[in-house]
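An overview of the molecular structure
Next come the chains, spelled out residue by residue.
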Amino acid sequence: MAARAASETPTIEALIEALDPEVRAAIDDVDRTLIAISLQQSPWDRLRSASRMAQTLARIRDAIASQGG
């Protein structure tokens, strides 16, 4: 399988646009819900949540790297 050139790599926006309209609507609903929940938190709680998410993403990245992915 040949590697794609950087210009051929689809963007997130392009991938979402190619989805079924119902799927796009569901994504929009989730986005709005997550934004609303985030805005209900205090700044310190938002910072703590973001920090935890960054740590989780780093662990996932490290796990994938250790598996040779």
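Predicted model only: the values in this text are computed from it and were never measured. (Residues numbered from 1 in each chain as written. Predicted model: local features only at pLDDT ≥ 70, side-chain atom pairs only at ≥ 80, totals over all residues. Heavy atoms only, no water.)

Assigned secondary structure in the protein consists of 3 helices and 0 strands. The buried share of the protein, reckoned over its 69 residues, is 0%. Accessible surface for the protein amounts to roughly 6,200 Å². Of this, 61% is attributable to carbon and sulfur atoms. (Helix = DSSP H or I, 4+ residues; strand = E, 2+ residues; numbered from the N terminus. Buried < 20%, exposed > 50% of the residue type's maximum accessible area, 1.4 Å probe, protein only. Areas by Shrake-Rupley, 256 points an atom, 1.4 Å probe, with all protein chains shown as cover.)

This part is about helix 3 (residues 43–66). With 24 residues, helix 3 extends 34 Å between its outermost C-alpha atoms, agreeing within 8% with the 34 Å of an ideal straight helix rising 1.5 Å per residue. Of the residues flanking the end of helix 3, it is Gly68, one or two places downstream, whose phi is positive at about 80 degrees. (Expected span 1.5 Å × (residues − 1).)

What follows concerns a nonpolar patch on the surface. A surface patch of nonpolar side chains, amounting to about 380 Å² of accessible area, comprises Met53, Leu57, Ile60 and Ile64. Relative to the helices and strands, Ile64 is located in helix 3. Given the relative accessible area of 44%, Ile64 is considered partly exposed. (Patch = residues over 30% accessible without salt bridge, like charges linked within 9 Å, V, L, I, M, F, W, Y side chains within 5 Å. Salt bridge = Lys/Arg side-chain N within 4 Å of Asp/Glu carboxyl O.)

So, about the pattern of salt bridges. Using the criterion set out here, one finds 3 salt bridges in the structure. For Asp45, the salt bridge is made with Arg48, and the minimal N-O distance between the two is 2.4 Å. You can see Asp45 and its partner Arg48 sitting in helix 3, 3 residues apart, about one turn around the helix. The class of Arg48 is partly exposed, set by a relative accessible area of 40%. For Arg61, the salt bridge identified is with Asp62, shortest N-O distance 3.1 Å.

This paragraph deals with helix 2 (residues 21–40). With 20 residues, helix 2 ought to run about 28 Å at 1.5 Å a step, and its terminal C-alpha atoms sit 29 Å apart, in line with that. Its side-chain oxygen placed 2.8 Å from the backbone nitrogen of Glu22, Asp20 serves as the N-cap of helix 2. (Polar contact = N/O pair within 3.5 Å; in protein donor to acceptor, adjacent residues only side chain to side chain.)

Now for the confidence of the model for the protein. The predicted coordinates ought not to be read in detail in places where the model reports low pLDDT. With 88% of its residues at a pLDDT of 70 or more, the protein has an overall mean of 86. The secondary structure element of the protein with the lowest average pLDDT is helix 1 (residues 12–17), at 84, and the one with the highest is helix 3, at 94. (pLDDT = per-residue confidence, 0-100.)

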